[in-house]
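Structure assessment
Residue strings, one per chain:
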Amino acid sequence: MNSITKDYLISIAIPIHKTNNGEFFLRELLNSIKKQDYKNFEVIISDSSNEDIYKKVINEFEDEFKILHIPSKFKTLARNASNALSEASGDIVKPMFSDDIFLNKNCLNHINDIFNYKKISWMAMSSYDFRSKINNKIVPLTGRVPMWNKKLLIGKNTIGAPSVIAYRSEFKEGFDINLRYLIDCDFYFRLMSKYGEPYFSSKYYIGIRHHQEQETELINNIDKLKEKIYLIYKYTIKKIFTA
């Protein structure tokens, strides 16, 4: 291990849009950020909701940590999330979707330690899928330890949602705006193509919320198939004819 460690500035990039209970989800996420022991971070929120209720929630945390609140005209998840990523000024970028949460106050410490002690450009953490809280406690559905597989581009995602990853800010790309269902798989594939496989952490530090209005629940099977065909074209056929 290196004898000298650095307190990296971690940029937590959050896209939000209007959903039922969205302000409740956002408050839970910001509370989980507030509880982090590691304090060298910033929060960037790209807000396409145009709702005062979300502004009110964000204002509750203005004195707790640095928040950059950006009103956004981008209604699609890919554009809005990319807008948040583009405003990150830290050394490490940590995407967090607004319906997900940090499960442990040591999560940002863990991220900083891994990037100090491992020669990596990106990482993926283990996560719990959950639907609700009962008596203020997470009730997990399933646990996921991330791993790589060669079928990522056809939708076999064994890493998890974008909220499980963190990467060095030298990677400036955003999410593919042509995608909804496979935006995470495509993003991971581009990271892997540039840096190799991520460091996989066995720490269950991220909670991935499942609910009826999350993007993946709103996409029909035909559109899912179209996205798989699009990625085949993007990474194989297109390259053959443009080489």
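To keep things clear, this report deals only with the structure shown in the data block. (Residues numbered from 1 in each chain as written. Predicted model: local features only at pLDDT ≥ 70, side-chain atom pairs only at ≥ 80, totals over all residues. Heavy atoms only, no water.)

Some details on the environment of I53
Mapping I53 onto the fold places it in helix 2 (residues 52–59). Each C-alpha atom of the pair I53 and E23 lies 6.7 Å from the other, and the pair is 30 residues apart in sequence. (Helix = DSSP H or I, 4+ residues; strand = E, 2+ residues; numbered from the N terminus.)

Description of the pairing of strand 2 (residues 41–47)
Within a regular strand, the side chains alternate between the two sheet faces. Burial analysis of strand 2 places 7 of its 7 residues in the buried class, which makes it a mostly covered element. Side chains F41, V43, I45 and D47 of strand 2 all project onto a buried face; the interleaved residues E42, I44 and S46 project onto the opposite face, where all are buried too. Note on the crossover from strand 1 (residues 10–16) through helix 1 (residues 22–34) to strand 2: the handedness is right-handed. When strand 2 meets strand 3 (residues 67–71), the two strands line up parallel, connected through 5 bridges. (Buried < 20%, exposed > 50% of the residue type's maximum accessible area, 1.4 Å probe, protein only. Right-handed = clockwise from strand over helix to strand, strands pointing away. Pairing = 2+ DSSP bridges.)

Notes on the pairing of strand 1
A large share of strand 1 lies buried, amounting to 7 of its 7 residues. By the alternation rule, side chains of strand 1 split into I10, I12, I14 and I16 and S11, A13 and P15, which are all buried. Across 7 bridges, strand 1 lies against strand 2 in parallel orientation. Looking at strand 2, one finds that I10 is bridged to F41. With 4 bridges joining them, strand 1 and strand 4 (residues 92–95) adopt parallel strand pairing. Following the sheet pairing, I10 is matched in strand 4 by I92.

Quick word on the pattern of salt bridges
Scanning the model with the defined rule gives 11 salt bridges in all. The residue D52 makes a salt bridge to K55 at a minimum N-O spacing of 3.8 Å. Taken together, the residues D52 and K55, both in helix 2 and 3 residues apart, mark about one turn of the helix. The exposure class assigned to D52 is exposed, which follows from its relative accessible area of 59%. Look at the salt bridges and you will find they share partners, linking E173, D176, D186, R190 and K234 into a network. (Salt bridge = Lys/Arg side-chain N within 4 Å of Asp/Glu carboxyl O.)

Some points on unusual backbone geometry
Of note in the backbone geometry, N50 takes a positive phi value of approximately 55° without being a glycine. Structurally, N50 is set in the loop between strand 2 and helix 2.

Remarks on helix 3 (residues 77–86)
With 8 of its 10 residues buried, helix 3 lies for the most part within the structure. L77, A78, N80, A81, S82, N83, A84 and L85 are the residues of helix 3 that are buried. Lining the buried residues of helix 3 we find strand 1, strand 2, strand 3, strand 4, strand 8 (165–168) and helix 5 (183–195). (Contact = heavy atoms within 4.5 Å.)

Comments concerning the nonpolar core
One finds I12, I14, I33, I111 and I165 to be the most contacted residues of the largest nonpolar core, which totals 68 residues. Residues contacting I165, with those up to four places away along its chain left out, are K94, P95, W122, M123, A124, I159, F187, Y188 and L191. (Core = buried A, V, L, I, M, F, W, Y, C linked by side-chain atoms within 4.5 Å.)

Remember, this is a structural readout, not a statement about activity or role.
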